[in-house]
Amino acid sequence: MRGCHRDLQTYPEAVDAVTRLPVVGMIGGGQLARMTHQAAISFGQSLRVLADSPADSAGVVAADVVVGAHTDFNALLNFGRGCDVVTFDHEHVDNDHVRALADAGVAVYPGAEALAYAQNKLHMRQRLGASGFPMPRWAPVSSIDDMAAFGLPCVLKTASGGYDGKGVFLIESEEQARELLDAGLELLAEERVSLARELSVVVARSVSGQMMTYPVVETVQRAGICTEVIAVSDSGNDRARSMATSIAQHLGVVGVMAVELFDTGDELLINELAMRPHNSGHWTIEGARTSQFEQHLRAVCDFPLGDTGMTAPAVAMANLLGGEDPDPDMTRRLGQVLAEDPGIRVHLYGKRTRPGRKIGHVTALGEDVDKLRRRTNRAAALISNGDE
């Protein structure tokens, strides 16, 4: 029955019987699914979500939630058969399972071939490097001899599974590298790039090949976690946007993709790809005429893509990270922020707090970037840590 959490089953029809609109299924019940569900509502759709638990971020708000593991192929297949199109909240679904879903007749976007390059950094580096896209110097490594040949210091990365600073290690000596090498992980070494700033550009590509890019944004990282995103309407950087559209076309991406870039001051180098709505695009909910979440739905449903222009000259976004208090009085903290700054927009993800965990974000629109950043950082501090 609709409107409740259900065990896995096969659904006889995909098109919504009431609205006659296509049913979009999203594998994963995190905050990306939660915000995609919000975007779907304006189209008269209710996103179908495959969640690990009804308590997941999207599980507590979406009306059409199926409980099942993304590691279970039967769960994926039963879920997919009840959808017109299936897409992803995360990139942890086994690539062979994604391919098998498509072979079984499920429309899956992005497809397995494209998704592989967001799931494995070695494959991404090899493919994009062979096609002439600029990247930091890198090499696969599996031994101390490989490390010595590459040169130290460097950055070691796990080929798959890393996010928010996880799976990334700054290596100064062979001794530091030995523990990772002995663990048998698939690793690559990268040079440490001298950064002027880190950038991200979100591009969308539809089933029929239409593409749109958003303004290039600057991301601020602390301890490997993105803490701020800054968008300015006259940011330009046509090179970054051209690079993103070329990659999307080259890999056959369908949906939203984020291209993370290192700006050295002299050149732009590709860092990572994410083939789903991305943290660096959350500002678009209020700051762009079409949010990245609506754009993702448009792309996978093959609707015409929306206007990516900004709704204000500048936008600042700050992530809300969990503080030390395991059970904060979030009602009081939220009330204080809303009273202090009525213009701030707060998005909480319905997640339990733990130190460093992303539990939400705040956004402010205006003209003066420095003032906007002060507002969003103040609001983030109040919600994350209280008025200390």
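Residues numbered from 1 in each chain as written. Predicted model: local features only at pLDDT ≥ 70, side-chain atom pairs only at ≥ 80, totals over all residues. Heavy atoms only, no water.

Our next topic: the overall build of the chain. Secondary structure assignment for the chain yields twelve helices and 18 strands. A compact globule built from 388 residues would reach a C-alpha radius of gyration of about 21 Å, and the chain, at 21 Å, matches this within 12%. Oriented by its inertia axes, the alpha-carbon framework of the chain measures out at about 60 × 55 × 40 Å. Scored against the burial criterion, the 388 residues of the chain give a buried share of 53%. Look at the contacts in the chain between residues 6 or more apart in sequence, and 65% of them connect residues 24 or more apart. Accessible surface computed for the chain: about 16400 Å², of which carbon and sulfur atoms make up 48%. With 36 positive and 50 negative side-chain charges, the chain shows a spacing of 4 Å between the two charge centroids. (Helix = DSSP H or I, 4+ residues; strand = E, 2+ residues; numbered from the N terminus. Rg over C-alpha atoms; globule rule 2.2 N^0.38 Å. Buried < 20%, exposed > 50% of the residue type's maximum accessible area, 1.4 Å probe, protein only. Contact = heavy atoms within 4.5 Å. Areas by Shrake-Rupley, 256 points an atom, 1.4 Å probe, with all protein chains shown as cover. Lys, Arg positive; Asp, Glu negative; His and termini not counted. Charge placed at Lys NZ, Arg CZ, Asp CG, Glu CD.)

For side chains of opposite charge, pairing can occur when their charged atoms come near one another. Applying the stated rule across the entire model yields 14 salt bridges. The partner of Glu 294 in a salt bridge is Arg 298, with the nearest N and O atoms 2.8 Å apart. Of this pair, Glu 294 and Arg 298 both sit in helix α10 (residues 292–300), four residues apart, roughly one helical turn. You'll find Glu 294 and Arg 298 in the same group, each marked buried. Note that Glu 340 is salt-bridged to Arg 378, the shortest N-O span being 2.8 Å. Taken together, the residues Glu 340 in helix α11 (residues 330–340) and Arg 378 in helix α12 (residues 369–385) connect sequence positions 38 residues apart. The exposure class of Glu 340 is partly exposed, given its relative accessible area of 42%. Each of Arg 125, Lys 157 and Glu 190 takes part in salt bridges that share partners, so that together they form one network. (Salt bridge = Lys/Arg side-chain N within 4 Å of Asp/Glu carboxyl O.)

Looking now at empty space enclosed by the protein. This structure, assessed with the given rule, holds two cavities of 30 Å³ or more. Taken as a whole, the second largest cavity spans an internal volume of roughly 30 Å³. The wall of the second largest cavity is formed by Ser 200, Val 201, Val 202, Tyr 214, Pro 215, Val 217, Ser 280 and Trp 283. Per-element accounting of the lining of the second largest cavity gives the leading share, three residues, to strand β10 (residues 197–205). Taken together, the residues of the lining of the second largest cavity sort by class into six nonpolar, two polar and no charged. (1 Å grid on protein atoms, 1.4 Å probe; cavity = no way out; pocket = protein on both sides within 12 Å on 5 of 7 lines; lining within 4 Å. Points joined across faces, edges and corners; volume = space filled by probe spheres on them. Nonpolar A, V, L, I, M, F, W, Y, C, P; charged D, E, K, R; others polar.)

Two numbers describe a pair of packed helices, the interaxial angle and the distance between the axes. As a packed pair, helix α1 (residues 31–42) and α10 sit with axes 8 Å apart at the nearest point and diverge in direction by 70°. Between α1 and α10, the crossing angle belongs to the class labelled roughly perpendicular. Along the contact surface, α1 presents Leu 32, Met 35, Thr 36, Ala 39, Ala 40 and Ser 42, while α10 presents Phe 293, Glu 294 and Leu 297. Of the residues in the contact of α1 with α10, the class split is six nonpolar, two polar and one charged. (Axes fitted to C-alpha atoms, helices over the stretch in contact; angles between N-to-C directions. Parallel < 35°, antiparallel > 145°, perpendicular 65-115°, else oblique.)

Following the sequence through the fold, Glu 113 ends up in helix α4 (residues 112–119). When its relative accessible area of 54% is taken as the criterion, Glu 113 is described as exposed.

Compared with an ideal rise of 1.5 Å per residue, which puts 17 residues at 24 Å, α12 spans 24 Å between its outermost C-alpha atoms and is within 8% of the ideal. The set of residues buried in α12 consists of Leu 372, Thr 376, Ala 379, Ala 380, Leu 382, Ile 383 and Ser 384. Where the residues of α12 are buried, they touch β16 (314–321), α11, β17 (345–348) and β18 (358–366). Its side-chain oxygen at 3.0 Å from the backbone nitrogen of Asp 370, Asp 368 defines the N-terminal cap of α12. Count one or two residues on from α12 and you reach Gly 386, which has phi positive near 80°. (Expected span 1.5 Å × (residues − 1). Polar contact = N/O pair within 3.5 Å; in protein donor to acceptor, adjacent residues only side chain to side chain.)

Confidence along the chain averages 92 in pLDDT terms, with 94% of residues attaining 70 or more. Confidence drops under pLDDT 50 across residues 1–13; counting only partners more than four residues distant or on other chains, this segment forms 32 contacts. (pLDDT = per-residue confidence, 0-100.)

Another point: the sheet that holds strand β8 (residues 168–171). Sheet architecture is open: four strands sit in the order β6-β9-β7-β8, paired in antiparallel fashion. For this open sheet the edge positions go to β6 (138–141) and β8, each flanked by a neighbour on one side alone. This sheet shows a mean twist of 30° between the axes of neighbouring strands, independent of strand direction. In this structure, strand β7 (residues 154–158) lies alongside strand β9 (residues 187–190), joined through four bridges in antiparallel fashion. Residue pairing in the sheet places Leu 156 in a bridge with Ala 189 of β9. Strand contacts of helix α5 (residues 121–130): β6, β7 and β9, with the helix running at about 55° to β9, the strand carrying the most contacts. Against the sheet, helix α7 (residues 174–182) contacts β6, β7, β8 and β9, and its axis sits at roughly 145° relative to β8. (Pairing = 2+ DSSP bridges.)

Bringing the environment of Thr 331 into the picture now. As for its position among the elements, Thr 331 is in helix α11. For the pair Thr 331 and Ala 33, spaced 298 residues apart in sequence, the C-alpha separation works out to 24 Å.

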